[in-house]
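Residue-level structure breakdown
Listed here are the chains, written in short residue letters.
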Amino acid sequence: MAKLNNNYCDCDDFSDEPGTSACPNSRFYCKYQLPTKDTNRELWVIGSRVNDGICDCCDGSDEWRYVTLPPDLRLKDTSNHGAKQSPCVNNCDRLLQEQKNQENIVNLGNKARKSYIDFAKQHGMQNNNEFGPDGVFYKVSQTCKELKIREFVYIICPFGTAKQSSFGMLIHTDQKIR
């Protein structure tokens, strides 16, 4: 045990240094693992990134020495970069919630797509590639949308026509939108 994480590679497979950057190609396994669909996937960080002042694990477990970067190397605003700097805070709950929110959005999108395909099937349009694969856009083609921007009015009918008018006068009309 004395040779574990002692900053010296004693084992040929680097297994004695899971928490340091001493060995080339070593891996540090984050303490908290965000759940994924791939149950065999474990979140790990390249050993050289352990204790480098950048929080790679959502729980900050890769920065156990609490190394901080010098002021001239610190990012002023990390909100747009996604980079977090030591001292690390545990962001795992927030990331897990974001992951769940993203999954909910994907599920809602899949349900909407299925309902559009079902609508196309009900109207015998599921094999009509004019409306996308499986007729997924057929339902959209059944309605027109009106958009008003200043004095202009646009009427857009997907897979149909588009019209532009100003002060009630027709300016342009297109025969068919593709």
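Attention here is on the structure that accompanies the text. (Residues numbered from 1 in each chain as written. Predicted model: local features only at pLDDT ≥ 70, side-chain atom pairs only at ≥ 80, totals over all residues. Heavy atoms only, no water.)

**Side note on the side chain of E63**
The residue E63 is located in the loop between strand 2 (44-46) and helix 1 (92-122) in this model. Residue E63 is classed as buried on the basis of its relative accessible area of 1%. Side-chain polar atoms of E63 contact the backbone nitrogen of D52, separated by 3.2 Å. Ignoring anything within four residues of it in the chain, the contact list for E63 reads R49, V50, N51, D52, G53, I54, C55, S86 and C88. (Helix = DSSP H or I, 4+ residues; strand = E, 2+ residues; numbered from the N terminus. Buried < 20%, exposed > 50% of the residue type's maximum accessible area, 1.4 Å probe, protein only. Polar contact = N/O pair within 3.5 Å; in protein donor to acceptor, adjacent residues only side chain to side chain. Contact = heavy atoms within 4.5 Å.)

**Overview of the pairing of strand 5 (residues 162-166)**
Two strands pair when backbone bridges link them, and strand 4 (residues 152-156) and strand 5 are joined in this way by 5 bridges, in the antiparallel orientation. Pairing of I156 across the sheet is with A162, part of strand 5. Taking the residues between adjacent antiparallel strands as the criterion, strand 4 and strand 5 are bridged by 5 residues, where F159 takes a positive phi near 65°. (Pairing = 2+ DSSP bridges.)

**Overview of helix 1**
For helix 1, spanning 31 residues, the distance from its first C-alpha to its last is 45 Å, which sits close to the expected 45 Å at 1.5 Å a residue. Within the span of helix 1, buried status applies to C92, L96, I117 and A120. Tucked inside the fold, the buried residues of helix 1 contact helix 2 (138-141). Downstream of helix 1 by a residue or two, G124 has a phi angle that is positive, lying close to 65°. (Expected span 1.5 Å × (residues − 1).)

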